[in-house]
Amino acid sequence: MFTPSSHDVRRFFCEVFRKHGAKEVLTPLEAMALDWVLEHPEYADALADVDSALTRDYSVEGGQANPFLHLSMHLSISEQVSIDSPRGIRAAYEALARKLDSPHEAQHEIMECLGEMIWKSQRSGLPPDGDAYIEAVRLRAR
């Protein structure tokens, strides 16, 4: 399994942004990432300077959201929905998007559920609980 470093992730999103600006052909994954980059124009400065992106510290204490983490979570959720894994995420996402009348806001809600699942897994030392994750999303869609 491929586990990219934070530098790999930052380079990836900066390259997507660069290729878009240069009107270069994108891979399918880059095209999916670009959709989220375009949804977040506030990240343009961070994406435009790869050298700065690689050295910038987005610590909680700094008070600024990490644009690369945020975009990565959007991309991860989009991939989950596209293949319906964990099983049920697609229907839960669609229900939440309908309720909120916003696919983007639905993703932000799902990010909270995803973050909680990861946090619980790391804290307990157990594998991520996909069923609890899906249920958390379903509850938000009610």
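Residues numbered from 1 in each chain as written. Predicted model: local features only at pLDDT ≥ 70, side-chain atom pairs only at ≥ 80, totals over all residues. Heavy atoms only, no water.

Caption draft 1: Expanded view of the nonpolar core. Counting 18 residues, the largest nonpolar core has Ile-77, Ile-89, Leu-96, Ile-110, Leu-114, Tyr-133 and Val-137 as its most contacted members. Sorting the residues of this core by element identifies helix H5 (67-83), helix H6 (89-100), helix H7 (103-124) and helix H8 (130-141) as the ones contributing at least two each. Apart from residues lying up to four places away in sequence, Ile-110 is in contact with Ile-77, Tyr-93, Leu-96, Tyr-133 and Val-137. (Core = buried A, V, L, I, M, F, W, Y, C linked by side-chain atoms within 4.5 Å. Buried < 20%, exposed > 50% of the residue type's maximum accessible area, 1.4 Å probe, protein only. Helix = DSSP H or I, 4+ residues; strand = E, 2+ residues; numbered from the N terminus. Contact = heavy atoms within 4.5 Å.)

Caption draft 2: Seen up close, the environment of Arg-11. Tracing the chain through its elements places Arg-11 in helix H1 (residues 6-21). In this structure Arg-11 touches Val-50 and Leu-54, once residues within four positions along its chain are discounted.

Caption draft 3: Molecular detail of the packing of aromatic side chains. One pass over the full model with this rule turns up two aromatic pairs. Judged by centre distance (5.1 Å) and plane angle (80°), the rings of Phe-12 and Phe-13 are edge-to-face. Classification of Phe-12 by relative accessible area gives partly exposed; the value is 23%. Aromatic pair Tyr-58 and Phe-68: ring centres 6.2 Å apart, planes at 65°, arrangement edge-to-face. Taken as a pair, Tyr-58 in the loop between helix H4 (50-55) and H5 and Phe-68 in helix H5 lie far apart in primary sequence, ten residues in all. (Phe/Tyr/Trp six-rings, centres within 6.5 Å; stacked < 30°, edge-to-face > 60°.)

Caption draft 4: Local environment of H1. Here H1 contains 16 residues, and its C-alpha end-to-end distance of 23 Å stays within 8% of the 22 Å for a straight helix at 1.5 Å per residue. Buried positions along H1 lie against helix H2 (28-39), helix H3 (44-48), H4 and H5. Lys-23 occupies a position one or two residues after H1 and carries a positive phi of about 60°. (Expected span 1.5 Å × (residues − 1).)

Caption draft 5: The arrangement of unusual backbone geometry in detail. Cis geometry is adopted by the peptide bond preceding Pro-86, which originates at Ser-85 and carries an omega value of 5°. Along the chain, the position of Pro-86 falls in the loop between H5 and H6. Residue Asp-84 is not a glycine yet carries a positive backbone phi of 50°. Counting through the fold element by element, Asp-84 comes out in the loop between H5 and H6.

Caption draft 6: Quick look at the environment of Arg-87. Locating Arg-87 in the fold gives a position in the loop between H5 and H6. Since its relative accessible area comes to 74%, Arg-87 is described here as exposed. Residues Arg-87 and Ile-134 lie 47 residues apart in sequence; the distance between their C-alpha atoms is 8.2 Å.

Taken by themselves, the reported measurements are silent on function.
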